[in-house]
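Structural features, examined
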Amino acid sequence: MTVSPPLDLSPKVSDEVRKTTCYMCACRCGIDVHLKDGKVAYIEGNRDHPVNQGVLCAKGSAGIMQVNAPSRLRAPLKRVGPRGSGQYEEISWDEALEIAVGWLTPLRETAPEKLAFFTGRDQSQSFTSFWAQNFGTPNYAAHGGFCSVNMAAGGIYTMGGAFWEFGQPDWDHTKLFMLFGVAEDHDSNPIKMGIGKIKARGAKVIGVNPVRTGYNAVADEWVSITPGTDGLFILALVHELMKAGKIDLDYLAQFTNAPVLIDKDTGLFLRDGDDKPLVIDSVSGDLAPFDRKGVRPSLTAIHNGHRTVMALMAEKYLDPAYAPDAVADRCGVSARKIKTIAAELARVAFEEAVVLDRAWTDFRGDTHDKMVGRPVSMHAMRGISAHSNGFQTCRALHILEILLGTVETPGGFRFKPPYPKPVEAHPTPHCHSKPNCPLDGPHLGFVRGPEDLALKEDGTPARIDKAFTWENPMSAHGLMHMVISNAHAGDPYKIDTLFLYMANMSWNSSMNSGGVMEMLTDTDENGDYVIPHIIYSDAYSSEMVAYADLILPDTTYLERHDCISLLDRPICEADGAADAIRWPVIEPDRDVRGFQTVLVQLANKMGLPGFTDDNGAAKYEDYADYIVNHERKPGIGPLAGFRGHEGEDVGRGAVNQSQMDLYIENGGFFVHHVPKEASYYKPWNMAYQDWAVDLGLFDAPQPYLFQLYSEPMRKFQRAAEGYGDRQPPDHLREQIKKVMDPLPFWYPPFEDACVDTDEYPIHALTQRPMAMYHSWGTQNAWLRQLHGENPLFIPAELWQEHGFQDGDWARVTSAHGSITVPVALQAALNSRTVWTWNAIGKRKGAWALAEDAPEATKGFLLNHLIHELLPPKGDGLRWSNSDPITGQAAWFDLRVKIEKATPPLEAQPAFDPIGSPVPKGPGSLAWKVSK
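What counts as what
- Each chain carries its own residue numbering, running from 1 in the written order of its sequence.
- Local features are withheld for residues below a pLDDT of 70 in this predicted model, meaning they are given only at 70 or higher, and side-chain atom pairs are given and counted only at 80 or more; totals for whole chains, interfaces and linings count all residues.
- Excluded from the side-chain calculation are hydrogens and water; included are all heavy atoms of the structure.
- Pairing between two strands requires that DSSP report at least two bridges joining them.
- Put simply, DSSP H or I for four residues or longer makes a helix, DSSP E for two residues or longer makes a strand, and each gets a number counted from the N terminus.
- Only the contacting stretch of a helix is used when fitting its axis, a line to C-alpha atoms as for every element, and angles between N-to-C directions run 0 to 180 degrees.
- Whether a set of points on the 1 Å grid over the protein atoms alone is a cavity depends on a 1.4 Å probe fitting there but being unable to get out, while an open set qualifies as a pocket with protein on both sides within 12 Å along at least five of seven lines; lining residues are those with an atom within 4 Å of a point.
- Grid points are joined across faces, edges and corners, and a volume is the space filled by probe spheres set on the points.
- Asp, Glu, Lys and Arg are counted as charged, while Ala, Val, Leu, Ile, Met, Phe, Trp, Tyr, Cys and Pro are counted as nonpolar; the rest, among them Gly, fall into the polar class.
- We define a nonpolar core as any set of buried Ala, Val, Leu, Ile, Met, Phe, Trp, Tyr and Cys residues linked to one another through side-chain atoms lying within 4.5 Å.
- Per-residue accessibility, obtained with a 1.4 Å probe over protein chains only, is compared with the maximum for each type, and a residue is labelled buried under 20%, exposed over 50%, and partly exposed between these values.
- Working rule for contacts: check all heavy atoms of both residues, and any pair within 4.5 Å makes them a contact.
- Aromatic rings from Phe, Tyr and Trp, taking only the six-membered ring of Trp, are treated as a pair when their centres fall within 6.5 Å; an angle between ring planes under 30 degrees marks them as stacked, one over 60 as edge-to-face, and anything in between as tilted.
- Geometrically, a lysine NZ or arginine CZ counts as sitting over a ring once it is within 6 Å of the ring centre and also within 35 degrees of the ring normal.
- By definition in this entry, angles of less than 35 degrees are roughly parallel, angles greater than 145 are roughly antiparallel, angles of 65 to 115 are roughly perpendicular, and the rest are oblique.
- Crossing handedness follows the turn of the near helix against the far one: under a right angle anticlockwise gives a left-handed crossing, and clockwise gives a right-handed one.

This part takes up the sheet that holds strand E1 (residues 16-21). Spatially, E1-E2-E3 is the arrangement adopted by the three strands of the open sheet, whose pairing is antiparallel. Each of the sheet's edge strands pairs with one partner strand only, and the pair in question is E1 and strand E3 (39-45). The average undirected angle you get between the axes of adjacent strands in this sheet is 30 degrees.

Set out below in structure tokens:
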């Protein structure tokens with residue numbers, strides 16, 4: 001008789017579980033970190049968490065490899081060799097802070113604008129901006145300007161919120177879901193869960209993307225659109241819907257500015273003495289403010305020659321130029337498909353309406369006995385945003401949703417608290433700094449007109465990135481991709497110190513990476529660096545580390561405090577306001593400090609207001625102390641949960657010294673649910689408005705109309721036409737008149753007009769893979785096995801045209817540069833497009849990787865083909881390669897040509913190995929946690 005050996009079918013995974021928030025992408029999922037003897041043994045999803053409900057992706061599970069990465073920085077470092085050499089000496093934190101204070105204090109005392117402080121994909125922007133504001137520099141922003149500011153700003157200016165962090169589809173009721181330009185890295189787990197839910201009940205998914213991977217691969221229908229033409233495709237759908245009369249007229253009349261009268265002389269809203277936009281009441285025929293009780297706004301009325309927004313829209317979008325037959329070739333989508341999709345949108349919206357027996361009262365005081373919704377929902381991201389026409393494209397998409405009546409109705413798109421809120425609820429940008437004084441207000445905001453631009457008295461840009469200027473008036477997130485280039489050129493002025501956090505600007509986060517590296521090391525006629533001081537904070541030895549003069553080593557995300565705040569980028573769901581923390585579930589084994597704590601310590605040493613009292617005493621010891629004790633205004637702090645002396649208050653309440661402990665006890669998060677009667681129609685639903693006031697999202701109800709016609713944009717147009725005291729420079733007048741159209745329209749991407757498109761006929765794109773997010777993913781021992789190298793994917797037509805075979809390489813050339821890279825065939829790809837995974841390629845010497853690592857030999861970046869400036873126009877001016885409205889980096893306007901190449905030894909261009917303060921990692925990683 002054979003006896004089976006005893007098997008332990010339930011081995012002990014851990015001796016303790018600590019719950020915190022993931023940082024392997026921006027989903028901010030809840031995680032259970034299993035520990036053995038105080039070390040991380042295993043990471044899984046937190047089943048009680050509102051974001052992921054226990055679901056965890058490959059990135060989240062691989063977080064354990066980030067904590068143990070060989071590339072982790074180990075101590076503060078001072079450069080002792082030339083920039084780029086990687087020659088450093090370890091120093092103490094006391095010395096590091098003294099060096100930083102020694103550079104920063106003279107700037108604060110004389111010229112605060114000579115500090116440029118910019119942060120990457122961190123999630124503490126309300127705090128870092130507060131630090132910069134109290135320092136007094138106007139030069140602060142985060143990574144949004146080179147990511148998706150068009151998406152955020154386009155949504156906020158149009159409907160008071162936007163996709164992803166600001167809103168989500170109504171997964172429980174939607175019957176048709178469209179994605180536009182969505183790769184797999186953003187909102188990964190919630191979208192996967194949502195698509196699974198809607199497909200399980202038979203809802204249809206349509207993916208609009210030149211590349212069919214990820215979400216688009218599981219879509220029921222894929223639209224292989226030509227890059228940069230999404231706006232044209234969307235407006236063709238609008239054309240078809242308006243022509244067929246398949247728009248929600250009642251919704252448009254009640255909740256949007258479609259019935260608002262436009263002054264025929266100025267193009268601005270007709271207003272009453274209280275400055276309220278005027279409509280014609282369809283019952284009485286009289287002029288009336290839009291929000292008067294009982295008013296029934298007319299969409300078609302004319303008053304003394306003043307027409308409604310709706311009339312202007314009909315005139316614009318029924319133009320044959322937007323007909324499917326007129327746009328099909330340019331979009332790469334057949335007219336038949338465009339018409340079919342428009343008909344499908346109309347059918348689902350108007351024949352499969354969702355009706356909830358839930359009464360609600362609107363801002364006019366009218367009570368509705370039901371909530372009626374159009375079950376079509378949409379989601380979009382960087383693919384439509386990262387173009388020089390991206391802002392108007394994003395607005396066009398929101399117009400499409402609104403015309404169908406699918407925003408904030410059952411089955412459609414729903415806002416997440418603290419949204420929705422109108423543009424007027426946001427600050428305007430502030431830029432006027434003085435020595436030894438805080439900035440006069442928040443750096444970033446939403447301009448209402450030319451009066452809000454960040455200009456000096458002489459009309460020159462006040463900010464180093466030229467945000468909020470005539471070149472890009474609505475640049476709500478700044479232009480991080482222009483900071484180094486402008487600082488190097490001394491345009492608009494020179495700076496002294498560049499202070500960066502987790503922004504890999506010498507490699508994958510910069511256009512023109514090779515040029516940027518030269519700018520960082522360039523010297524003047526005296527042999528001094530053109531940018532005199534560079535301070536950098538990162539947890540790992542990235543490419544950027546080698547260019548810093550002073551390195552402030554950060555912790556990994558399991559060793560730190562973080563605050564995912566309602567003041568910033570919270571983890572809310574449509575049915576609940578939610579925020580979260582990270583906390584040190586393990587202690588660092590190195591001499592490192594969380595970057596936010598370092599900022600507190602620097603502020604204390606410099607005596608920054610906001611961080612010290614009138615006597616110069618520190619208000620906060622570290623970041624955790626700040627999270628609990630800071631109040632942005634009385635009763636409102638970084639965390640909304642467990643306020644009040646006993647933790648009894650929500651949103652508004654006194655400081656609670658036990659708040660952090662209560663968050664940890666609750667799993668690292670807090671959620672406060674929206675009442676059922678407030679769950680839809682949030683911008684106009686007084687139950688929601690009152691709930692939001694109680695929570696502290698705003699101080700008084702502020703219902704508003706969706707802005708189909710953007711009056712702020714019209715104000716800029718009028719300035720370009722010669723009206724007003726603030727006038728644009730002459731060379732920008734025509735551009736402003738064209739692009740600042742108050743109704744969305746489409747124009748070709750700028751690169752198309754700057755290069756010979758016959759010579760460069762192919763579009764080139766990047767996408768992040770689902771298993772990567774930060775550039776640090778490609779040093780992760782587990783994730784590298786999924787994406788250790790990246791080929792250039794080529795569609796079948798081009799593959800055959802050039803005679804490519806497996807294992808071949810191609811030379812890819814743009815107007816700016818050339819790369820030689822491995823290629824692979826992809827059939828499901830727009831026939832005019834090539835693409836690759838983003839941020840896989842690494843520079844030799846960085847990230848503790850071996851110099852023959854595939855990331856450094858076969859991995860590559862398209863960044864070398866892209867320039868932060870457009871090709872010269874012959875006018876002697878520097879034209880940013882950006883959206884002219886928001887300054888969004890136009891990564892995806894890139895045009896190239898390809899040819900078969902003899903395989904080189906490694907991908908080109910190949911740079912010399914970069915110096916690193918950490919040694920190379922071992923050939924394999926292995927360790928044992930406990931027994």
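This brings us to the layout of surface pockets. Taken as a whole, the second largest pocket encloses approximately 590 Å³ of empty space. Taken together, 27 residues make up the lining of the second largest pocket; nearest its centre are Arg271, Pro277, Glu424, Tyr704 and Gln707. Sorting the residues of the lining of the second largest pocket by element identifies helix H5 (149-159) and helix H21 (711-720) as the ones contributing at least two each. If one sorts the elements of the lining of the second largest pocket by residue count, H5 sits on top with four residues. Of the residues that constitute the lining of the second largest pocket, the class distribution is 15 nonpolar, four polar and eight charged.

Here we take up the nonpolar core. The biggest cluster of nonpolar side chains holds 287 residues, and the ones touching the most others in it are Trp131 and Phe233. When near neighbours in sequence (up to four residues on either side) are disregarded, Trp131 contacts Leu104, Leu115, Phe117, Phe499, Leu599, Leu602, Ala603, Met606, Leu608 and Phe611. Of all hydrophobic cores here, the second largest spans 13 residues; its members include Val674, Ala678, Tyr688 and Leu695.

Evaluation of the coordinates by the stated rule reveals nine cavities of 30 Å³ or more. In this model, the largest cavity occupies a volume close to 380 Å³. Lining the largest cavity we find 33 residues, and of these Arg382, Thr766, Gln767, Trp891 and Phe892 sit closest to its centre. Every element with two or more residues in the lining of the largest cavity is listed here: helix H13 (382-385) and strand E28 (762-767).

Bringing the pairing of E28 into the picture now. Extensive coverage of E28 is indicated by the burial of six of its six residues. The side-chain alternation of E28 yields two buried faces, one formed by Ile762, Ala764 and Thr766 and the other by His763, Leu765 and Gln767. As defined by bridge partners, E28 adjoins strand E33 (residues 895-901) across two bridges and the pair is classed as antiparallel. Considered in E33, the bridge of Ile762 is made with Val896.

Tallied over the entire structure, the rule returns 54 aromatic pairs. Each ring, one from Trp507 and one from Phe911, has its centre 5.9 Å from the other, and the planes form 80 degrees; the classification is edge-to-face. Highlighted residues: Trp507 in the loop between strand E22 (497-501) and helix H16 (513-521) and Phe911 in the segment after E33, separated in sequence by 404 residues. Pairing Trp799 with Phe804 gives two aromatic rings, centres 5.5 Å apart and planes at 45 degrees, and the pair type is tilted. According to the relative accessible area criterion, Trp799 is buried, its value standing at 9%. Chaining the aromatic ring pairs together yields one cluster made of Phe163, Tyr251, Phe255, Trp360, Phe413, Phe415, Tyr681, Trp684, Tyr704 and Phe706. Just above the ring of Tyr23 sits the side chain of Arg582; from NZ or CZ to the centre is 4.2 Å.

This part covers the packing of helix H8 (residues 230-244) against helix H14 (residues 390-404). Two elements in contact, H8 and H14, have axes separated by 9 Å at closest approach and are oriented at 25 degrees. Comparing the axis directions of H8 and H14 gives the class roughly parallel. Helix-helix and strand crossings are classified by hand; for H8 and H14 the assignment is left-handed. Only Thr393, Ala396, Leu397, Leu400, Leu403 and Leu404 of H14 make contact with H8, whose side of the interface consists of Asp230, Gly231, Ile234, Leu235, Leu237, Val238, Leu241 and Met242. Class assignment for the residues of the contact of H8 with H14 results in 11 nonpolar, two polar and one charged.

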